[in-house]
Amino acid sequence: MSLPSAALQVHINQVALERLGPKVAVVSAKGPAVSGRYRVLRDGQVQLEGELTALPAFEAWTPGRQHFELDFSQLTQPGRYQLEVWVGGRHARSAPVQVEDQALFKRTAAGLLDYFKQSRHTDAGDHRRRVFETDRYVDVWGGWNDAGGDTGKYLSHLGYANYFNPQQAPMAAWVLAHSAHESAALYARAGLLRQAQDEAFWGADYLHRVLDPAGYFYTTVFDKWGAEGAERMVVGYEGEDGVYTSGYRSAYRAGGGMAIAALARAAILAKSSGRQGEFSAQTYLDDARRAFAHLQTHNIGYTANGQENLIDDYTALLAAVELQRATGEEEYLQAARERVAQMLKRQDADGHFYSDAIGQRPYYHAVEAGLPVIGLSHYLSIEPDAARQAIARQGIGKALEAQQRLDQAVANPYAYARQRFRQAAPGTEPGPVQSGFFIPHRNETGYWWQGESARLASLSTAAVLGGRALDAVNGQAAPSGAANFGVTAAQARSAQAQLDWTLGRNPYGISMLYGFGALNPPAAPSAAGVMLRGGVSNGITGAPDSDGGTGIAFANGPTDDQWRWNEQWLPHTAWLLMAAVTMAQPPTKAGAHPSN
């Protein structure tokens, strides 16, 4: 898909903007224009007029264009907003956007929950699937299809590459259980509480079924993406060809940690709500405790390289935090403290995290780059020691500041969250540390790169949770209804910018949230499968021929590669729901969120 060719374009979030939050559009004009004018309409009536703000020259994606900013954050009346701009004798109008309180949640939550319901996997054949290289059959029924073109079920994948494990089904289950419990009133006001609870228990029931009696979780139920003749089974796999392997036991980083967190939180939800899925609150909690004890002993043996890394740390941290919340037991507080200490050993003086040791592989992640800060923020709610809280907050503050510096280090008209990385093909020495907008295509997986909608929503969530944690140093939280989600203006602007990109404020003018906004990704059934309302497409990437992920591309083809951009994926919707709930939920004195 080519970039739009119109001489004058207005790119804006096409779905929802917060009444008391940042509201910023980007204007892209062909030619050497240096000035322009705008006016802002609400429900068809002019509310504001003025001069566009010229931005620094930016040639990386759209050569020959000048970019301007149109900031209308000062307008706080709810309504349907639209922008008009004039540059060099040309005129353009934006797509409309709704402005209100708790805007993103109110506009999208029902659709996001419907996506999970539509994505449920109910094939009866999964009641009896063989375990790779055995004659043993197990019940792995339930869960969700992983993506529009993939009926496989994954706690994670890419484990063979060590540093890329995304949290998939367990992340969705945890987001649903956590938000249905902590934000029950929010869902109830929208008439969505029972639906959120049902989906959370659906996820927890699946995690119960894929917990082996030995104490480990099955990482994947896989059939080579539906390839003819491929046996659907409990199995690990590697590479673009989906070669079956025996790596089906989940380490913390391969979904095990988040599965424990999800089960522990489902137990809390079941106990507090008086509702449950097929299994009980006690069963969920017993599962979480047993799996945690098992991984505390066996985790390293389930990793591909025999070494833990930052992904193990932050997923094990969230597992320990949720178990401590569910039980109040000291064992889990101590385990959380150990993981925090290990995480902070992997953070340099400038605030950047490393996957392993400081100075080696910079931590970057196409799906969950915000999880280190999110994990530390959640830890604060169970930590009674003020000195330990201060150390964790220092790590959060350094990480948020490092991200802001990185984003501001180059011209960046869309305020897209940039990242540090080293290019590294499998089996080769990595190159020097670089920075860029998109993940490098030359990486340890050998093939995997795609749009980063989930990553952006995770960073939005991190900016809000982390920012609130920093503001809560003296036990004071922003009042309900405070501007900018209860964080600093800079943090709020960054958090909003990442969601704006996904929801239409990008050079293609496309909202990746299907069924919402003025323009959605085109269907590509042969490579990306079905498109469901409430599903989020992978999104925009660097140019396909760029090892370092430079340039820009969306739905460029060839047909077999369209999944990289168009395909809807479970983690994208999970993370967008998490961001929407986080932004809508008032800050509390605990810092990031309420504790039990």
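One can find the structure itself at the top, above this paragraph.
Model, not experiment: these values are computed from the prediction.

Participant: Whenever I open this one, the packing of helix α11 (residues 453–471) against helix α14 (residues 570–584) confuses me. Can you help?
Facilitator: To characterise two packed helices, one gives the angle between the axes of the helices and the distance between these axes. The geometry of α11 relative to α14 is characterised by a closest axis approach of 8 Å and an angle of 25° between their N-to-C directions. Looking at the two axes, α11 sits roughly parallel to α14. Like other packed secondary-structure pairs, α11 and α14 cross with a definite hand, here left-handed. On the side of α11, the interface is formed by S453, A454, A457, S458, S460, T461, V464, L465 and R468, while α14 contributes P571, H572, W575, L576, M578, A579, T582 and M583. Split into classes, the residues belonging to the contact of α11 with α14 amount to 10 nonpolar, 6 polar and 1 charged.

Participant: Even after reading the chapter, I still don't get the packing of helix α5 (residues 256–273) against helix α7 (residues 310–327), so can you show me in this structure?
Facilitator: Viewed as axis vectors pointing N to C, α5 and α7 meet at an angle of 20°, and their least axial separation amounts to 7 Å. Viewed along their axes, α5 and α7 adopt a mutual orientation that is roughly parallel. Where α5 crosses over α7, the handedness of that crossing is left-handed. Within the contact between the two elements, α5 uses G257, M258, I260, A261, A264, R265 and I268 and α7 uses T315, L318, A319, E322, L323, R325 and A326. Grouping the amino acids of the contact of α5 with α7 by side-chain chemistry returns 9 nonpolar, 2 polar and 3 charged.

Participant: Just to check I follow, could you spell out unusual backbone geometry for this structure?
Facilitator: A negative phi angle characterises most non-glycine residues, just as the trans form characterises most peptide bonds. The phi angle at Q102 is positive, at roughly 50°, despite the residue not being glycine. As for its position among the elements, Q102 is in the loop between β10 (97–100) and α1 (103–118). Assessed through its relative accessible area of 18%, Q102 is described here as buried. For K224, which is not glycine, the phi torsion reads 55° and is therefore positive. Position of K224 among the secondary structure elements: in the loop between β14 (220–222) and β15 (233–234). For K224, a relative accessible area of 31% gives the class partly exposed.

Participant: Would you mind going over the pairing of strand β9 (residues 90–93) with me for this structure?
Facilitator: Each regular strand shows side chains that alternate between the opposite faces of the sheet. Where strand β8 (residues 79–87) meets β9, 4 bridges bridge the pair, whose relative direction is antiparallel. Directly across from E84, in β9, lies its bridge partner R93. Turn length for the β8-β9 hairpin, with the two strands adjacent in sequence and antiparallel, is 2 residues, and the turn residue G88 shows positive phi of about 55°.

Participant: Explain helix α6 (residues 281–298) to me, please; I cannot follow it from the model alone.
Facilitator: For an α-helix, 3.6 residues make a turn, and residues three or four places apart therefore share a direction. Counted at 1.5 Å a residue, the expected span for α6 with its 18 residues is 26 Å, and the 26 Å between its end C-alpha atoms agrees. Residues of α6 that are buried include every one of Y284, L285, D287, A288, A291, F292, H294 and L295, and no others. In the core, the buried residues of α6 are packed alongside α4 (193–209), α5, α7 and α8 (330–345).

Participant: Looking at this model, I keep getting lost on the packing of aromatic side chains. Mind explaining?
Facilitator: One pair of aromatic rings is described through two measures. These are the centre distance and the angle between the planes. One pass over the full model with this rule turns up 36 aromatic pairs. Between F105 and Y187, the ring centres sit 5.4 Å apart and the planes meet at 70°, which makes this aromatic pair edge-to-face. With F105 in helix α1 and Y187 in helix α3 (residues 184–189), this residue pair connects regions lying 82 residues apart in the sequence. For F105, a relative accessible area of 2% corresponds to the buried category. Centre to centre, the rings of W449 and W565 are 6.0 Å apart; their planes meet at 75°, and the pair counts as edge-to-face. Of the two residues, W449 sits in the loop between β19 (433–436) and α11 while W565 sits in the loop between α13 (525–528) and α14, which places them 116 residues apart along the sequence. In terms of burial, W449 and W565 fall into one category: buried. Taken together, the ring pairs in this structure connect F58, W61, Y414, Y416, F437, F438 and W501 into an aromatic cluster. One cation-aromatic arrangement involves R120 over W202; the distance from NZ or CZ to the ring centre is 4.2 Å.

Participant: Help me out: how do you make sense of the pattern of salt bridges in this one?
Facilitator: Opposite charge on two side chains permits pairing when their charged atoms draw close. Within this structure, the stated rule accounts for 32 salt bridges. Linking D126 and R129 is a salt bridge whose minimum nitrogen-to-oxygen distance equals 2.7 Å. Residue R265 pairs with E182 through a salt bridge whose shortest N-O separation is 3.1 Å. One end of the pair, R265, is in helix α5; the other, E182, is in helix α2 (residues 169–182), with 83 residues separating them in the sequence. Given the relative accessible area of 0%, R265 is considered buried.

Participant: Got a minute to help me understand the sheet that holds strand β12 (residues 137–138) in this structure?
Facilitator: Within a sheet, adjacent strands bond to each other through the backbone by hydrogen bonds, running parallel or antiparallel. Strand order in the open sheet formed by 5 strands is β12-β11-β15-β14-β13, with mixed pairing between adjacent strands. A single partner strand is all that each edge strand has here, and the edge strands are β12 and β13 (153–154). One ladder, built from 2 bridges, connects β14 with β15; its direction is antiparallel. The residue bridging V221 from the neighbouring strand is V234, located in β15.

Participant: Would you mind going over empty space enclosed by the protein with me for this structure?
Facilitator: The gaps left among the atoms become clear once a water-sized probe is rolled over them. Enumeration over the complete set of coordinates arrives at 6 cavities of 30 Å³ or more. In this structure, the largest cavity occupies an estimated 430 Å³ of space. In this structure, the largest cavity is lined by 29 residues; those nearest its centre are A369, A399, A402, Q403 and L459. Only α9 (371–379), α10 (386–408), β18 (419–422), α11 and α12 (489–502) provide two or more residues apiece to the lining of the largest cavity. For the lining of the largest cavity, the element with the highest residue contribution is α10, accounting for 7 residues. Its residues placed into classes, the lining of the largest cavity shows 14 nonpolar, 11 polar and 4 charged.

Participant: What's the story with the environment of G301 in this structure? I'm lost.
Facilitator: By the secondary structure assignment, G301 is in the loop between α6 and α7. In this structure, the C-alpha to C-alpha distance between G301 and A267, residues 34 residues apart in sequence, is 28 Å.

Participant: Explanation requested: the environment of N162 in the structure shown.
Facilitator: For N162, the location among the structural elements is in the loop between β13 and α2. Spatially, the C-alpha atom of N162 lies 23 Å from that of A462, the residues being 300 residues apart in sequence. If we skip the residues at most four places from it in the chain, N162 touches R253, A304, N305, N309 and I311. A polar atom in the side chain of N162 sits 2.8 Å from the side chain of R253. In terms of polar contacts, N162 uses its side chain to reach the backbone amide nitrogen of N305, at 3.3 Å.

The rules behind the values
Residues numbered from 1 in each chain as written. Predicted model: local features only at pLDDT ≥ 70, side-chain atom pairs only at ≥ 80, totals over all residues. Heavy atoms only, no water. Axes fitted to C-alpha atoms, helices over the stretch in contact; angles between N-to-C directions. Helix = DSSP H or I, 4+ residues; strand = E, 2+ residues; numbered from the N terminus. Parallel < 35°, antiparallel > 145°, perpendicular 65-115°, else oblique. Left-handed = near helix turned anticlockwise from the far one by under 90°. Contact = heavy atoms within 4.5 Å. Nonpolar A, V, L, I, M, F, W, Y, C, P; charged D, E, K, R; others polar. Buried < 20%, exposed > 50% of the residue type's maximum accessible area, 1.4 Å probe, protein only. Pairing = 2+ DSSP bridges. Expected span 1.5 Å × (residues − 1). Phe/Tyr/Trp six-rings, centres within 6.5 Å; stacked < 30°, edge-to-face > 60°. Lys NZ or Arg CZ within 6 Å of the ring centre and 35° of its normal. Salt bridge = Lys/Arg side-chain N within 4 Å of Asp/Glu carboxyl O. 1 Å grid on protein atoms, 1.4 Å probe; cavity = no way out; pocket = protein on both sides within 12 Å on 5 of 7 lines; lining within 4 Å. Points joined across faces, edges and corners; volume = space filled by probe spheres on them. Polar contact = N/O pair within 3.5 Å; in protein donor to acceptor, adjacent residues only side chain to side chain.

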